[in-house]
Amino acid sequence: MSALPSMSGKDDATGLKAYDVVVVGAGFAGMYMLHRLRGQGLKARVYEQGGDVGGTWYWNRYPGARCDVESMQYSYSFSDELQQEWNWSERYAPQPEILKYANHVADRFNLRGDIQLNTRVDRAVFDEDTNTWAVATSDGKTVTAKFVVLATGCLSNARVPDIRGLKDFRGEVYHTGHWPHESVDFTGLRVGVIGTGSSAIQSVPVIAQQARHLTVFQRTPNFSIPAWNAELTAEEREAFRKNYPEIRRFAREEARNGIYAELPDRGALDDGDNARRAKYEQRWEKGGLTFMLAYNNLILDKAANDTAADFVRDKIAEIVKDPETAKLLQPDNHPIGSKRICVDTEYYATFNRPNVTLVDIRASGIEAILPNAVRTGAKDYEIDALVLATGFDAMTGSVARIDIRGRGEKTLNQKWAEGPKTYLGLMSEGFPNLFIVTGPGSPSVLSNMIVSIEQHVDWITDCLSWMRGRGFGTMEASKEAEDKWVAHVNEVAQLTLYPQANSWYMGANIPGKPRIFMPYIGGVGVYRRICDDVAAKGYEGFAMTAKERAQAAVAS
Ligand code: NA7
């Protein structure tokens, strides 16, 4: 431990509490990071702005909130005991159960002692003389750390749109990504929901069962595939548990999206109409995100994509009785899958209920919120409560809220003003010893997040251990490696249909945000091999500085 002595949380020469590593966020990424750091004998401090662990599952408590990856797969794999003992109740566990799991992990691995809740990291400044970060938190304290890990999550910065009159609304206003902890009862109320992304698609069917009337304001329709959620039987759980070694291996190494599933062996246009329709039916009946795995070229070839999009549009027309409403619900301005596909329970059928109205605001937008109504170009819709299902400043939003200053006091926001720039999504040049978990430039939100989180955390942990073993104290992405990676991420994205949609992957949902395709499309297996290869070549593309050398430079 010569180059990276464990500080044990003691004061350093400046009188500040000193840690080896500060981790920002106690969601699934932050918790696993802490567990691995402790395993290395490193002293870490985790700061979490929420009142408990769980990250996105702590905040997103809206009715109907569930993960869109099956729970037997959206769960940690690092501990076989954990995956053998935890009993998921449903195919797609509801948010309270995922949060319970997060809490179980915190307790089972005794993590809480090093997690400080209700504390936001406001500022992190790199000191080039000492090669340490000074981290200032919302409780007015500053600590130092050799390394900082941003485990801030990709969808944690809820976005409230700038709509005229919103603050004058007389009823309650809720954001799906910031839902109250106490239960919300819409019984007898006229409710308005703005947005038709995944959060709305999950919550609308549940709110419709409670509300006197529900009005859904839709700017862009989305493709949604049924979840066919159901209770998991003991046999189903057992089948997973028995086969976990292969399921987890496949998810990590072979699946592009980190999900164990049957992979396609041909393109959509290789089949005739009947065979293709049968294939889509089969995938529809299976349900969920893997619908897009019906064929291997759906996200590459527009003509192939059209066949899948047409199939789902036909399904919508079959389910929704009123033809005009069905037409409005049929997405027509982006290829299927180029925005994250939604997974629902009775979403389209909800529009057959007499107490549900769909309002198309594509042309006019929402003009204003009145004290008791939503005003569109055509009409005022009276409501008693308003739900904003308007999404997040995704991938970069929660990082941007922290004043991060690297070499020469340059802020990360300045560096990323024209779009995030990272090497492998893990580090950004000019910001030594600052790691990002599932950051832009990595598969991240295109994958089963827990697979990507574990891969990043393991890579970072191995890297720290490697540095320690060789006496390195500082690590930084080189400009050349970063430029090449940014170009590669962009080049791969351009080979696909993804950039054709105005998605949050592109930053297109935030006015003024640069339109750059942020996640890496190469797939988790390919990406993992690239990262492993970089490590095997002595962390190629990263500059390492020995602690002694860095100190000597300071002294001279
Ligand atoms: P999304 O997918 O970003 O959806 C947000 C929705 O809100 C989308 O339909 C937007 O329409 C709509 N929106 C946003 N601002 C406005 C305004 N000002 N007026 C009207 N409509 C608006 O967020 P979600 O929370 O649903 O899902 C995020 C991810 O969480 C999801 O992909 C899963 O991975 C889990 P637009 O499409 O911009 O026209």
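Note: the structure precedes this text.
Residues numbered from 1 in each chain as written. Predicted model: local features only at pLDDT ≥ 70, side-chain atom pairs only at ≥ 80, totals over all residues. Heavy atoms only, no water.

Caption draft 1: Region of interest: the sheet that holds strand β13 (residues 366-370). In space, the 3 strands of this open sheet follow the order β13-β14-β15, with antiparallel pairing throughout. The open sheet has two edge strands with one neighbour each: β13 and β15 (380-382). The mean inter-strand angle of the sheet, taken between neighbouring strand axes irrespective of direction, is 20°. In this structure, strand β14 (residues 373-376) lies alongside β15, joined through 3 bridges in antiparallel fashion. In the strand pairing of β15, Arg375 is matched with Asp380. (Pairing = 2+ DSSP bridges. Helix = DSSP H or I, 4+ residues; strand = E, 2+ residues; numbered from the N terminus. Axes fitted to C-alpha atoms, helices over the stretch in contact; angles between N-to-C directions.)

Caption draft 2: Layout of the packing of aromatic side chains. For the structure on display, the rule yields 40 aromatic pairs. Ring geometry for Phe147 and Phe435: centres 6.1 Å apart, planes at 20°, overall stacked. With a gap of 288 residues between them, Phe147 in strand β6 (residues 142-150) and Phe435 in strand β18 (residues 434-436) connect regions that are remote in the sequence. Residues Phe147 and Phe435 agree in their burial class; the two are buried. Where Trp485 meets Tyr520, the ring centres are 4.8 Å apart and the plane angle is 50°; that geometry is what we call tilted. Here Tyr520 lies in the loop between α14 (479-494) and α15 (524-536) and Trp485 lies in helix α14, a separation of 35 residues in the sequence. For the pair formed by Trp485 and Tyr520, the shared burial category is buried. Cluster of aromatic residues (ring-pair linked, three or more members): Phe28, Tyr32, Trp57, Tyr74, Tyr76, Phe78, Trp86, Trp88, Tyr101 and Phe109. A cation over an aromatic ring shows up here: Arg61 above the ring of Tyr58, its NZ or CZ 4.9 Å from the ring centre. (Phe/Tyr/Trp six-rings, centres within 6.5 Å; stacked < 30°, edge-to-face > 60°. Buried < 20%, exposed > 50% of the residue type's maximum accessible area, 1.4 Å probe, protein only. Lys NZ or Arg CZ within 6 Å of the ring centre and 35° of its normal.)

Caption draft 3: Structural view of the pattern of salt bridges. The tally for this structure, following the rule as stated, stands at 39 salt bridges. Residues Asp310 and Arg313 are paired through a salt bridge, measuring 2.8 Å at the closest nitrogen-oxygen approach. Placement of the pair is Asp310 and Arg313 together in helix α8 (residues 302-319), with a separation of 3 residues, close to one helical turn. Assessed through its relative accessible area of 37%, Asp310 is described here as partly exposed. For Arg362, the salt bridge identified is with Asp332, shortest N-O distance 3.2 Å. You can see Arg362 sitting in the loop between β12 (356-360) and β13 and its partner Asp332 sitting in the loop between α9 (323-329) and β11 (342-344), a full 30 residues away along the chain. Several salt bridges share partner residues, and in doing so they unite Arg277, Glu281, Asp314, Lys315 and Glu318 into one network. (Salt bridge = Lys/Arg side-chain N within 4 Å of Asp/Glu carboxyl O.)

Any functional reading would require information beyond the geometric quantities listed.
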